[in-house]
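# Remarks on the overall topology
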Amino acid sequence: MNILNPLALLFALLAVPIVLLYLLRLQRREQSVSSTLLWRQSTLDREANALWQKLRPNILLFLQLLTLAFLVFALIRPYINQPGQTPARTIVLLDASASMLAEDVPPTRFSAAKKQVSNLIDDLGANDQLALILMGASPRALSGFSASKAELAAALDAAQPALEAANWGAAISLAQAIAQGDENTAFVVVSDGANADDAKLLTGNVKFIPVGANGENVFISAFTVRRTVRGLAAFVRVNNSGKSAASVLVSLRSGDALLDARTLDVPAAGSATWTQNDLDPALPHLTARIDQTPNAAQDNLAADDAAYAINPVTSIRRALLVTRGNRFLEQALGALPGLQVTRVVPSVDGLTAGQDLSGAVYDLIVLDNITATLPSNANVLMIGAGAQFSSTGVFSNTGFVRAEASPIAQNVDWRGVNVLEAQHLAPPAWLQPVIQAQGGGLVFAGDGASAGLGRVVALPFDLFKSDLPLQIAFPVLVANSVDWLSPAQGLALPASVKPGEVIALPGGSQVVLPAGASMAAPDGVFADTAQPGIYAVQTPRGRGYFAVNFLDARESDTTPQPNLQFANANAQTQTAQGLSQRELWNILAALALVLLTIEWWVYQRGLRTRKA
Amino acid sequence: MLSESFLKSLVGLRLASTRRQRGALMGERRSARRGRSIEFADYRNYTPGDDPRRVDWNIYARHEKAYIKLFEDEEDTAVSILLDVSKSMRWMAEDETAPQKMERAAEIALSLAFIALSGGDRLVMELSSGARIGPRRGAGAMAHFASAVSRELARADATSMPINTWLRRYAATSPPGMCFVVSDLLDETGYQDGLNVLATSRAEVSVVQTLCPDELAPRFEGDVRLKDVETGAARDLSMDNATLRDYAQRLKIFTDEAQAFCQRRGGRYFLADTSQSTGDIVARDLRRQGWIV
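About the thresholds
Residues numbered from 1 in each chain as written. Chains lettered and ligands numbered in written order. Predicted model: local features only at pLDDT ≥ 70, side-chain atom pairs only at ≥ 80, totals over all residues. Helix = DSSP H or I, 4+ residues; strand = E, 2+ residues; numbered from the N terminus. Buried ≥ 20, exposed ≤ 12 C-beta atoms within 10 Å, placed from the backbone. Contact = placed C-beta atoms within 7 Å. Expected span 1.5 Å × (residues − 1). Arc of directions from axis to C-beta. Nonpolar A, V, L, I, M, F, W, Y, C, P; charged D, E, K, R; others polar. Axes fitted to C-alpha atoms, helices over the stretch in contact; angles between N-to-C directions. Parallel < 35°, antiparallel > 145°, perpendicular 65-115°, else oblique. Core = buried A, V, L, I, M, F, W, Y, C linked by C-beta atoms within 7 Å. Pairing = 2+ DSSP bridges. pLDDT = per-residue confidence, 0-100. Left-handed = near helix turned anticlockwise from the far one by under 90°.

Tallying secondary structure elements over chain B gives 11 helices and 10 strands in all. Expressed as a percentage of its 293 residues, the buried residues of chain B come to 41%. Considering only contacts within chain B whose residues lie at least 6 apart along the sequence, 73% involve residues at least 24 apart.

All names here are of chain A. Over its 14 residues, helix H5 (residues 109-122) extends 20 Å from the first C-alpha to the last, a length consistent with the 20 Å expected when each residue adds 1.5 Å. Taken residue by residue, H5 has Arg109, Phe110, Ala113, Lys114, Gln116, Val117, Leu120 and Ile121 as its buried positions. One side of H5 carries all its buried residues, which in axial view fall inside an arc of 155°. Where H5 is buried, its residues contact strand E4 (89-95), strand E5 (129-135), helix H6 (149-157), strand E7 (185-191) and strand E8 (205-210).

Another aspect to go through is helix H7 (residues 168-179) of chain A. Residues lying three or four places apart along an α-helix face the same way, a consequence of the helix completing one turn every 3.6 residues. All names here are of chain A. Helix length check: H7 (12 residues) gives 16 Å between terminal C-alpha atoms against 16 Å at 1.5 Å per residue, within 8%. Looking only at H7, the buried set comprises Trp168, Ala171, Ile172, Leu174, Ala175 and Ala179. Mapping the buried residues of H7 onto a view down its axis gives an arc of 160°, with all of them on the same face. Following H7 by one or two positions, Gln180 has its phi on the positive side, about 55°.

Quick look at the interface of chain A and chain B now. On the chain B side, the residues contacting the 22 residues of chain A number 30 residues. Those elements giving two or more residues to the side of chain A that touches chain B turn out to be strand E2 (29-33), helix H2 (37-46) and helix H12 (585-611) of chain A. Sorting elements by how many residues they give to the side of chain A that touches chain B places H2 of chain A first, with seven residues. Looking at side-chain class alone, the side of chain A that touches chain B contains five nonpolar, 11 polar and six charged residues.

Residues and elements named next belong to chain A. In contact at an axis separation of 10 Å, H5 and H6 are set at 170° when each is read in the N-to-C sense. Between H5 and H6, the angle falls in the class roughly antiparallel. Of the residues in H6, those in contact with Lys114, Val117, Ser118, Ile121 and Asp122 of H5 are Lys149, Leu152, Ala153 and Leu156. A breakdown of the residues in the contact of H5 with H6 according to their chemical character gives five nonpolar, one polar and three charged.

Moving on to the nonpolar core. Val92, Leu93, Leu94 and Ile133 of chain A are the most contacted members of the largest nonpolar core, which totals 90 residues. Non-local contacts of Leu93 of chain A, meaning those with residues more than four positions away in its chain, are made with Ile133, Met135, Ala171, Ala175, Phe187 and Val189 of chain A. Ranked by size, the runner-up nonpolar core spans 68 residues in total, among them Ile133, Val181, Leu198 and Phe220 of chain B.

So, about the sheet that holds strand E11 (residues 246-254) of chain A. Residue and element names in this part refer to chain A. Here we have four strands laid out as an open sheet, ordered E12-E11-E14-E15, and antiparallel in their pairing. Each having just a single partner strand, strand E12 (257-266) and strand E15 (306-310) make up the two edges of the open sheet. Direction aside, neighbouring strands of the sheet carry axes that sit 20° apart on average. Strand direction decides the pairing type here: E11 and strand E14 (residues 285-292), joined by five bridges, are antiparallel. Bridging from a neighbouring strand, Ser251 pairs with Arg289 of E14.

On to the pairing of E8 of chain A, then. Residues and elements named next belong to chain A. Taken across its six residues, E8 has five buried, putting it largely inside the fold. When E7 meets E8, the two strands line up parallel, connected through six bridges. For Phe187, the partnering residue across the bridge sits in E8 and is Val206.

Here we come to unusual backbone geometry. All names here are of chain A. Here the amide bond leading from Pro106 into Pro107 is cis, since omega sits at -5°, within 30 degrees of zero. Residue position: Pro107 is located in the loop between E4 and H5. For Asp278, which is not glycine, the phi dihedral falls at a positive 60°. Of note, Asp278 is situated in strand E13 (residues 270-279). Judged by the 11 C-beta atoms lying within 10 Å of it, Asp278 falls in the exposed class. Of note, the phi angle at Asn369 is positive, near 55°, even though the residue is not glycine. Its place among the elements puts Asn369 in the loop between strand E19 (364-368) and strand E20 (372-373).

Once that is clear, we can look at the sheet that holds strand E8 (residues 222-228) of chain B. Picture the strands of a sheet paired through backbone hydrogen bonds; they go either parallel or antiparallel. Taken together, the three strands give an open sheet; going across it, the order is E2(A)-E8(B)-E9(B), and neighbouring strands pair in mixed fashion. Looking at which strands have only one partner, the edges of the open sheet turn out to be E2 of chain A together with strand E9 (234-239) of chain B. Averaged over neighbouring strand pairs, the angle between their axes works out to 35° when direction is ignored. As paired strands, E2 of chain A and E8 of chain B are joined by five bridges and run parallel to one another. Note on E8 of chain B: the bridge partner recorded for Val33 of chain A is Asp228 of chain B.

The next subject is the confidence of the model for chain B. Residues and elements named next belong to chain B. Taken over all residues, the pLDDT of chain B has a mean of 83, while the share at 70 or more is 87%. Low pLDDT (under 50) marks residues 20-35, which in the prediction has 25 contacts with non-local residues, meaning those over four places away or in another chain. Here the predicted complex carries an ipTM of 0.77, next to a pTM of 0.42.

Helix packing geometry: the angle between the two helix axes and the distance between the axes. Residues and elements named next belong to chain B. In contact at an axis separation of 10 Å, helix H5 (residues 101-118) and helix H6 (residues 142-154) are set at 160° when each is read in the N-to-C sense. Overall, the two elements H5 and H6 adopt an arrangement that is roughly antiparallel. Between H5 and H6 lies a crossing of right-handed hand. Across the interface between the two elements, Met102, Ala106, Leu110, Ala113, Phe114 and Leu117 from H5 touch Met142, Phe145, Ala146, Val149 and Leu153 from H6.

This is the structure:
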């Protein structure tokens with residue numbers, strides 16, 4: 001037998017005032033007797049302790065205390081398990097969010113939850129079926145309705161939590177889809193109740209099995225690094241979701257090197273911050289870690305004790321855009337990370353055709369239908385390059401033929417691009433077409449060192465005489481051209497992603513995981529980001545880093561919520577094994593009523609005897 | 001206190017003595033020493049069983065009625081009836097409609113007194129208040145004794161000696177003969193010393209211990225404060241079955257000890273339940289005990 005409401009045991013303390021009132025109200029009836037001679041002898045033997053004499057078995061007091069005991073037992077809601085009453089179909093929703101990794105319930109809440117589900121599976125009747133849904137960021141069904149305990153157990157074994165918040169809405173939708181509207185299907189939710197705002201979407205016969213003992217956790221809720229004139233500045237915020245203040249030792253590291261450490265006093269349900277300035281600006285990445293708490297019980301989730309940050313981009317490429325106005329081109333250039341674009345408009349800035357730009361010091365010069373004298377070794381993107389190079393005429397059969405294997409043409413889908421007419425360039429030998437049309441080259445690229453230039457990319461047509469700016473190929477072409485003309489000092493990688501998030505990497509990248517293993521990302525996507533930490537990316541164009549951080553304050557607040565609100569107000573919360581409970585409070589209450597009646601009868605009988 | 005009809009029912013009864021019964025004078029009146037003196041004392045009606053030699057044939061010849069001559073004994077034996085009128089005897093039970101202990105004890109004592117008087121015995125009655133009534137003899141003295149006892153019982157300022165003191169005092173002045181003690185024997189200072197002295201004063205002591213139903217089988221319940229009417233002492237008790245069983249046990253020991261004490265000293269003992277009628281106690285129970293013939 002188990003109980004649902006152990007706190008009701010406190011009502012047993014009512015026995016104290018009952019006994020006290022009994023003692024206090026003890027009014028002795030004065031009775032004259034002919035002699036106390038024989039009574040005195042009796043009392044001398046028995047009058048050892050006056051207080052105990054008062055408490056000698058009195059049938060009324062006994063009945064009153066027994067009645068109180070039965071009422072208290074009814075209030076604690078004891079129950080017994082009756083497997084015979086298990087619903088025929090049950091869908092179990094198992095919470096696999098990050099908070100389930102908390103260790104307040106050893107070894108982890110998730111292990112305890114799996115044990116509960118395992119008990120449910122064991123209690124299945126011969127004709128009962130159970131389906132199992134794992135509630136993560138992307139809920140999935142571990143098993144459809146199955147009566148096979150072995151199959152269900154195997155599916156359960158495969159369940160693992162993740163450093164992510166559970167998507168309750170999607171999980172409930174999945175469960176209801178599996179239930180197919182069957183009103184006899186019961187839902188069992190096994191969770192700590194954290195971040196369960198959408199739990200109320202679950203309708204029908206719902207039972208909730210809470211796991212989790214306390215919300216004692218300290219965690220890093222924010223970690224950022226920024227560049228200042230004095231170097232790097234790191235900001236760390238530590239939160240405490242427990243009920244008592246915690247004094248934690250927080251360290252800043254770069255790799256294995258310890259940079260600094262600080263003891264932070266974090267109040268209960270509060271936070272503390274630390275800003276560290278004057279860090280070496282050359283550090284590629286930083287790690288903030290909670291190294292120590294005085295009481296291990298105050299930190300029941302280890303996954304949120306560390307955070308990672310990448311040093312922001314160290315250099316900015318400067319580009320000069322000479323154009324009479326081309327919003328598409330400006331936007332495509334402006335979207336490129338690490339590229340600082342300076343625009344000059346010939347009519348406004350006094351730049352005329354043939355303007356001497358030989359004094360311009362830029363990493364990249366973009367000429368939009370402008371001819372100009374270029375500085376030595378300038379990397380140039382020429383649009384409408386017919387004037388800059390010799391042309392033998394124009395052509396209009398600009399249907400796409402092929403793209404060369406060039407980084408400029410990579411991922412540029414020219415199909416569907418229409419060009420009204422293009423200059424038929426007679427380029428120098430070092431300038432080769434990378435995208436060919438039927439009538440001639442549409443995109444040329446080459447190293448113009450022999451011509452006193454840097455790298456050159458040339459488009460022999462006016463963008464306004466084509467729909468290229470309206471195609472997806474345009475920003476890709478611009479990005480490829482800019483990267484080729486002026487490679488970034490670093491790679492355009494996201495600074496931080498969440499665990500499990502998929503990121504795009506340059507083709508041919510090799511990724512070193514935090515644990516040290518190396519993985520390839522040939523297709524330009526990388527999905528093995530489950531482990532928080534610093535990921536090193538090695539590409540043909542250089543080396544870079546990105547961080548995977550579990551920074552989710554809501555999941556890190558591991559305070560369990562034992563009373564979730566579901567759509568059905570009568571949803572039961574159970575804490576024991578088995579799929580069904582038989583509560584006994586009504587029997588106990590009835591017995592208490594019987595005892596009360598007996599107590600009244602005994603009292604009345606006593607009154608009548610005295611009067612007789 | 002005693003009705004005429006009840007007294008008539010006692011006529012013909014005699015007080016029997018155990019000491020006479022041990023002798024050879026079976027069928028004699030209790031005070032069998034009478035008749036050995038030459039001093040004429042009184043007449044009484046002939047009852048079957050009397051010695052025919054003691055019949056006054058002169059009266060029979062004249063009146064055709066048989067009378068027995070009574071002569072004074074040289075030792076002057078008498079019947080003493082000691083009635084305890086202490087507060088414990090006067091204690092009123094809760095049920096006031098039931099016969100009270102004092103009233104019943106007084107009726108027992110007066111019944112014995114009537115039997116003694118109608119048997120020609122010289123009677124003395126003494127109450128524990130110190131009041132002595134008599135000595136008188138003859139049935140005609142009954143009214144005197146009854147009224148005197150009634151007056152004493154009605155006294156609001158009545159006091160009572162402890163039993164030991166009372167019995168020792170009486171023993172010092174009592175004539176030899178039969179002595180009946182009607183008491184509940186419930187005295188703080190005990191009763192053994194007094195009875196001892198009385199028994200050794202050549203008096204044949206018979207004790208009628210009168211207890212009422214509330215003393216024989218109290219039915220108190222719950223938490224009570226018992227107050228002794230004689231001493232005023234109080235005792236707080238919680239009545240339960242165990243306490244009542246304990247009291248019953250102690251009462252039995254008390255009464256058994258009293259009986260054994262009397263018998264060891266050649267006396268007699270009878271426990272009278274005052275809820276019984278006086279007729280049942282005197283004419284039935286005491287006759288069965290052999291106290292009355």
